[in-house]
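The primary structure of each chain is shown beneath.
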Amino acid sequence: MSSSTTVGTARRRSLRMAALALTAAAGLSLTACSGSDTAGAKPAGRTDKGLASAESSGAGSSAGEQGSEAGAEVGTKAGAGGKQSGSARTTDGGRAASPVRTQRLADGVSKAEIYKVGAQHYRAKIVARGSVLATMEAKEHDDGLDANDMFVVLTSDGQVQSWMGGGHQGPGTFKIEGGWTVKVTKLGDLHYRAQFFSESGDADDTVEANQHDIGFVANGVSIVLSAGGVISAHQ
């Protein structure tokens with residue numbers, strides 16, 4: 001074989017090897033690009049899933065994160081629910097808590113269930129034969145009730161006084177316990193005013209019952225003025 005033939009054969013082998021090398025390099029480059037795209041697609045998929053999940057339910061991107069966040073969310077809601085229940089019991093003691101005491105009333109049938117709602121704030125349910133007949137509320141001032149000629153006063157410190165009878169139907173001027181003379185005036189439908197005069201004839205105070213009964217304690221005397229114009233006092 002001549003030297004030119006040998007050189008030509010060597011060149012062809014070099015070209016084939018160079019071509020194989022280029023093909024292999026191209027294959028590796030494609031594989032690397034494909035792997036990079038695939039690796040990029042997966043995080044993008046998780047991110048999209050995480051966003052969709054976050055928008056719909058506030059969970060994390062992966063199943064583990066979703067589970068942990070869902071558990072945290074349930075725990076948070078349960079804690080919030082517990083706080084809300086506690087708050088309801090505190091702020092609405094008349095319905096959610098137990099009464100601080102129960103007191104029999106003057107008619108011998110009814111009783112007052114007395115609840116402490118807050119400072120200078122008490123509620124009393126008037127109950128007879130298992131039914132609630134009325135609810136009284138004394139918040140920083142006393143409350144009163146005319147219940148079919150049984151009169152009840154609830155004070156803002158949770159004391160209850162009740163008595164039967166002794167009512168005077170206004171309008172008119174009446175003498176009541178405590179030494180007062182009271183002038184009851186009708187101002188409108190279910191709206192009456194009571195003006196109190198001392199034994200010396202001086203005007204002491206004026207109160208009004210407008211659409212609901214009122215009650216208070218003055219100088220140790222419990223007084224009720226109803227929205228129907230009935231006034232009664234008990235010492």
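Check the entry above for the structure.
Residues numbered from 1 in each chain as written. Predicted model: local features only at pLDDT ≥ 70, side-chain atom pairs only at ≥ 80, totals over all residues. Heavy atoms only, no water.

(A) The arrangement of the environment of Ile214 in detail. Summarising the element assignment, Ile214 is placed in strand S13 (residues 214–218). Linking Ile214 and Asp146, residues 68 residues apart in sequence, is a C-alpha distance of 8.8 Å. The residues touching Ile214, leaving out its near neighbours within four places in the chain, are Gly144, Val207, Glu208, Ala209, Ile223, Val224 and Leu225. (Helix = DSSP H or I, 4+ residues; strand = E, 2+ residues; numbered from the N terminus. Contact = heavy atoms within 4.5 Å.)

(B) Fine view of unusual backbone geometry. Of the consecutive residues Gly170 and Pro171, the connecting peptide bond is found in the cis state with omega at 0°. Tracing the backbone shows Pro171 in the loop between strand S8 (168–169) and strand S9 (172–176). Look at Arg129: it is not a glycine, yet its phi comes out positive at around 50°. Here Arg129 lies in the loop between strand S3 (121–128) and strand S4 (131–139). On the basis of relative accessibility, which here comes to 74%, the residue Arg129 falls in the exposed class. A positive phi is found at Leu190, a non-glycine position, where the angle reads about 55°. Within the secondary structure layout, Leu190 lies in the loop between strand S10 (180–188) and strand S11 (191–197). The exposure class assigned to Leu190 is partly exposed, which follows from its relative accessible area of 39%. (Buried < 20%, exposed > 50% of the residue type's maximum accessible area, 1.4 Å probe, protein only.)

(C) Structural view of the environment of Gln195. Following the sequence through the fold, Gln195 ends up in strand S11. Separated by 15 residues in sequence, Gln195 and Trp180 have C-alpha atoms that sit 9.7 Å apart.

(D) Main features of the sheet that holds S8. An order of S8-S15-S14-S13 is seen for the four strands of this open sheet, with the pairing classed as antiparallel. With one partner strand each, in any of the chains shown, S8 and S13 form the two edges of the open sheet. Bridging between S13 and strand S14 (residues 221–225) involves five bridges; their strand directions are antiparallel. Each residue of the ladder has a partner; that of Ala218, found in S14, is Val221. (Pairing = 2+ DSSP bridges.)

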